[in-house]
Amino acid sequence: MTSTPRDDDALAVLPVPPEGVSIGAGVLWMLLTTFLFVCQDSLARILVADYPPAEVAFVRYFVHFLLVGGFLALRAPELLRSRKPGAQILRSAMLCANTVIGMYALKIMPFLDFSAVVWVAPVLVTALSVVMLGEKVSAAGWISVFVGLAGVWLIVGGAGIALTWLVVLPLLTALTNALYQIATRFLRTADEPATTLFYTAVAGSAFCLPFLPFVGLAPTPSAAGLMLLLGCLGAASHFCIIRAFAAAPANVVAPFGYTALVWASLSSVVVFAEVPTLRTILGSALIVAAGLAIFFGPRPRPAATTHERRAP
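Computed from a predicted structure; not experimentally measured.

1. Re the pattern of salt bridges
Per the stated rule, a full pass over the model turns up one salt bridge. Glu-274 is the salt-bridge partner of Arg-45, the closest N and O atoms lying 2.8 Å from each other. You can see Arg-45 sitting in helix 2 (residues 23–48) and its partner Glu-274 sitting in the loop between helix 13 (260–270) and helix 14 (278–296), a full 229 residues away along the chain. Under the relative-accessibility criterion, Arg-45 is labelled buried at 14%.

Written out as structure tokens, the structure is:
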């Protein structure tokens, strides 16, 4: 699920911050973003206990679609058109898969464990960028990748654990999130941020809608209210991250995204009465350390062309 902000994702669809940026405002917007994302995941976990993930995901995206689409239709209808609609749909498909798989993962594993594993996505992006983007990663970058994966392994059970859904689902959640970020990089110069945000909601609604006649359940009034709130939180959280990266440079505000693990810890204890284990704490620390090392380390370099490799 897109429950945590990522620097590559935001950088890919947001303009360069203007002169006179406000560091304090950017940090505050990022802190609010992480809080809203954890609230979103908490609501999703409550809802999927009684309703199919496809139904919950559909409402989340459809409300997002109505809010963003309605706003753009009134204020800037030209932004409803994409220069690369196929790429937008592919990107949104990865996000939708991330959301649905993440909801299934939330049904079977502790809340904080799930939140921590999701944060391995920036680490996976580093590894996947070699194959999919032709970038070169330093030795330190590869060490960070393996440290992050070790953190995931520690959380989901450690050495000798059987290959069960408890392992596969959270890793698929992180993998689809990483592919979503890779797809976002391809679109960084194609469309405006608002257009990308709109297409995210369109694809999510379209992919989940066909499943409703087969798996959908009539929600109670309280559940319908929670689903509506979930959709509003989805739109609001993306709005906040846009404001965060518009107010201050990404290298300043993005590391504050790891405060999501603080909110997730509180939600784990207060909402779900789940006390984090030592394994979860240590694994989370490894994932955070790996992510921060990649973020503050040298950025991946594009692979050299044949001419460049032969140049003296």
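2. Here we look at unusual backbone geometry
Phi at Ala-273 is positive, roughly 55°, even though this residue is not glycine. Checked against the element boundaries, Ala-273 lands in the loop between helix 13 and helix 14.

3. Structural notes on the packing of aromatic side chains
The way to describe two aromatic rings as a pair is by their centre distance and the angle between their planes. Per the counting criterion, the structure on display carries seven aromatic pairs. Ring centres of Trp-29 and Phe-239 lie 6.0 Å apart, and the angle between their planes is 85°; on these two criteria the pair is classed as edge-to-face. Taken together, the positions of Trp-29 in helix 2 and Phe-239 in helix 11 (residues 221–247) put the pair 210 residues apart, joining distant regions of the chain. Feature note: the residues Phe-58, Phe-62, Phe-65, Phe-198 and Tyr-199 constitute an aromatic cluster, connected by ring pairs. The residue whose ring lies beneath Arg-45 is Phe-272, and the NZ or CZ to ring-centre distance is 4.6 Å.

Calculation rules
Residues numbered from 1 in each chain as written. Predicted model: local features only at pLDDT ≥ 70, side-chain atom pairs only at ≥ 80, totals over all residues. Heavy atoms only, no water. Salt bridge = Lys/Arg side-chain N within 4 Å of Asp/Glu carboxyl O. Helix = DSSP H or I, 4+ residues; strand = E, 2+ residues; numbered from the N terminus. Buried < 20%, exposed > 50% of the residue type's maximum accessible area, 1.4 Å probe, protein only. Phe/Tyr/Trp six-rings, centres within 6.5 Å; stacked < 30°, edge-to-face > 60°. Lys NZ or Arg CZ within 6 Å of the ring centre and 35° of its normal.

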